[in-house]
Amino acid sequence: MQRRVVVTGIGLISAVGNTTGETWQNLLAGKGGVTRITHFDTSQHACQIAAEVKGFDPLKFIEKKEVKKMGRFIHFALAASEEAMNMAGLSVTEDIADRVGVHIGSGIGGFDVIEREHTNLMQGGPRKISPFFIPASIVNLAAGQVSIKFGAKGPNEATATACTTSAHSIGDAFKIIQRCDADVMIAGGSEAAITPMGIGGFAAMRALSTRNDAPEKASRPWDKDRDGFVVGEGAGILILEDLEFAKRRGAKILAEAVGYGMSADAYHITSPAPEHEGGYRVMMNALRDAKIQPSDIGYVNAHGTSTDIGDKLETQAIKRVFGDKIPPVSSTKSMTGHLLGGAGGLEAGITVLALRDQMVPPTINYETPDPECDLDYVPNHSRKVHMEYALSNSFGFGGTNGCLIFRRWAE
């Protein structure tokens, strides 16, 4: 019999809050976090807006001498992991250390560090490159630093699957516990790509909204007037535990992880396959893993990036999965922006909170319906919804898809 896996802690950092509680309350209030970029001079950029994390101080979580040894995405991962561990009431003692693992990914990693050190190279030569350049920027050092911070000696992994990264991290961690390779996993993702190269690169693909004069209206999934996604930053970390382990230590359980699906489009580097065939299969795979029917799902936290083709095709995939019993669907990216590799972790945490409180956060900026996007997107206002199961979608460049399903906790 497979072990049951539960969620006992959540750490969220986003453009609408530096803690889980602040993020959740602002999401339910429909508060958006997109503003004009302050991280760098955008005067030469077509896109000048993003969903920046505001007022974040890494010194609250990291010793001063260590801060410069890490990229911003690692700062976020450490802070979110600390909040999640505190919520879970978990200390990694020596007797359990080798049963506690970390699976935290990032789609891009330390773009800020890479850009800074490249400038140092160009201006001063190779001797000006920091000795901490590599460990401050490579993707797996978020997981590595979290493992070191908490003394977690179990599995230590990092995923980099574009915008599906942290959904895969959580799903893989779920399976690690199920197959008894760990009792606890600190899992999720972190991203900090609001940099000149990050924004410039996505803008060069014509993927970003350029609604620079009204940033608060820029992220508008499924709205007819959407013009691209908005880059966000932050982190989402869950504490996953074997149910019996959690019970033995008297942990407060937030939800149960019950389903995980993966699939590939095998179609195009950036565009989903027609009718989002890969998205359809990944949801069906997660439902099969959870051993439930589509009609059991009470809420879908959609990928919903605010791109023309992506929103249409995800809508088609959802229709194909759920038929005439489609649950409420919302995109919290309308408020947080798109955290790229951190999106799935943030949105998995949001999905668990939705189950816990039986509240669905809205899709804001939904003003002009698109005839090709005609579901119940919970427009502009949160909603009380009775639900036993909720599903979270993540889709990434390269055609990589992940889907997570959680169940409302009840003894």
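Relevant structure appears above.
Residues numbered from 1 in each chain as written. Predicted model: local features only at pLDDT ≥ 70, side-chain atom pairs only at ≥ 80, totals over all residues. Heavy atoms only, no water.

A. Molecular detail of the overall build of the chain. Along the backbone of the chain there are 13 helices and 14 strands. For the chain, whose C-alpha radius of gyration is 20 Å, the value lies close to the compact-globule estimate of 22 Å for 411 residues. Reported as C-alpha extents along the three principal axes, the dimensions of the chain are approximately 65 × 55 × 40 Å. Taking all 411 residues of the chain together, the buried fraction comes to 62%. For the chain, the accessible surface area stands at approximately 15,700 Å², while carbon and sulfur atoms represent 52% of it. Between the averaged position of the 42 positive side-chain charges in the chain and that of its 47 negative side-chain charges there is a distance of 2 Å. (Helix = DSSP H or I, 4+ residues; strand = E, 2+ residues; numbered from the N terminus. Rg over C-alpha atoms; globule rule 2.2 N^0.38 Å. Buried < 20%, exposed > 50% of the residue type's maximum accessible area, 1.4 Å probe, protein only. Areas by Shrake-Rupley, 256 points an atom, 1.4 Å probe, with all protein chains shown as cover. Lys, Arg positive; Asp, Glu negative; His and termini not counted. Charge placed at Lys NZ, Arg CZ, Asp CG, Glu CD.)

B. Expanded view of the nonpolar core. One finds Val 7, Ile 10, Trp 24, Leu 238, Leu 240 and Phe 406 to be the most contacted residues of the largest nonpolar core, which totals 43 residues. Ranked by the residues each element gives to this core, the list is headed by helix H13 (residues 343-357), at eight residues. If we ignore the near neighbours within four places in the chain, the residues touching Ile 10 are Thr 20, Glu 83, Ala 84, Met 87, Ile 237, Leu 238, Leu 254, Gly 349, Val 352 and Leu 353. Counting residues in each nonpolar core, the second largest holds 36 residues, with Val 100, Leu 141, Ala 235 and Phe 245 among its members. (Core = buried A, V, L, I, M, F, W, Y, C linked by side-chain atoms within 4.5 Å. Contact = heavy atoms within 4.5 Å.)

C. Structural context of the environment of Gly 250. Take Gly 250: it is sitting in the loop between helix H9 (243-248) and strand E8 (255-264). When the C-alpha positions of Gly 250 and Ala 88 are compared, they lie 10.0 Å apart, and in sequence the two are 162 residues distant.

D. Fine view of helix H10 (residues 277-290). In this model H10 runs 20 Å from its N-terminal to its C-terminal C-alpha over 14 residues, within 8% of the 20 Å that 1.5 Å per residue would give. When we look at burial in H10, the residues that qualify are Gly 278, Gly 279, Tyr 280, Val 282, Met 283, Ala 286, Leu 287, Asp 289 and Ala 290. Against the buried residues of H10 lie helix H7 (165-178), E8, strand E9 (297-301), helix H11 (308-322), strand E13 (389-396) and strand E14 (400-408). Phi turns positive one or two residues past the end of H10, at Lys 291, with a value near 60°. (Expected span 1.5 Å × (residues − 1).)

E. Expanded view of the sheet that holds E14. Taken in spatial order, the 10 strands make up an open sheet running E5-E4-E6-E7-E1-E8-E14-E13-E9-E10, and their pairing is mixed. At either margin of the open sheet sits one strand with a lone partner, and together these are strand E5 (156-157) and strand E10 (329-330). Pairing between E9 and E10: two bridges, direction parallel. Residue pairing across strands places Asn 301 opposite Ser 330, the latter belonging to E10. Sheet strands in contact with helix H6 (residues 141-150) are strand E4 (100-105), E5 and strand E6 (184-191), and its direction is about 150° off that of E4. Lying on the sheet, H10 is in contact with E8, E9, E13 and E14; it crosses E8 at an angle near 145°. (Pairing = 2+ DSSP bridges. Axes fitted to C-alpha atoms, helices over the stretch in contact; angles between N-to-C directions.)

F. Highlighting unusual backbone geometry. In this structure, Arg 206 is a non-glycine residue whose phi angle is positive, near 60°. Position of Arg 206 relative to the elements: it lies in the loop between helix H8 (196-204) and strand E7 (234-242). We classify Arg 206 as exposed; its relative accessible area is 77%. The backbone of Glu 275 shows a phi angle near 60°, a positive value even though the residue is not glycine. For Glu 275, the location among the structural elements is in the loop between E8 and H10.

G. Structural view of the side chain of Thr 336. Tracing the sequence through the fold places Thr 336 in helix H12 (residues 333-336). On the basis of relative accessible area, Thr 336 is assigned to the buried category, the value being 0%. Excluding anything up to four places from it in sequence, Thr 336 contacts Ser 14, Ala 15, Val 16, Leu 27, Ala 51, Gly 232 and Leu 346.

H. Structural view of the packing of aromatic side chains. With the rule as written, the count across this model stands at six aromatic pairs. Geometrically, the ring pair formed by Phe 56 and Phe 76 is edge-to-face, given 5.0 Å between the ring centres and 65° between the ring planes. Note that Phe 56 is positioned in the loop between strand E3 (49-50) and helix H2 (64-67) and Phe 76 in helix H3 (residues 72-88), a separation of 20 residues in sequence. The pair Phe 56 / Phe 76 is uniform in exposure class, with both members buried. Measuring from ring centre to ring centre gives 5.4 Å for Phe 202 and Phe 229, while their planes differ by 75°; the resulting arrangement is edge-to-face. On the criterion of sequence distance, the pair formed by Phe 202 in helix H8 and Phe 229 in the loop between H8 and E7 is long-range, its members being 27 residues apart. The ring centre of Phe 150 lies 5.7 Å from the NZ or CZ of Lys 149, which sits over that ring. One cation-aromatic arrangement involves Arg 320 over Tyr 280; the distance from NZ or CZ to the ring centre is 3.7 Å. (Phe/Tyr/Trp six-rings, centres within 6.5 Å; stacked < 30°, edge-to-face > 60°. Lys NZ or Arg CZ within 6 Å of the ring centre and 35° of its normal.)

I. Molecular detail of the pairing of E9. Most of E9 is tucked away, with five of its five residues classed as buried. As paired strands, E9 and E13 are joined by four bridges and run parallel to one another. If you follow Ile 297 over to E13, its bridge partner there is Tyr 389. Since E9 and E10 lie parallel, the crossover through H11 that links them has a hand, and here it is right-handed. (Right-handed = clockwise from strand over helix to strand, strands pointing away.)

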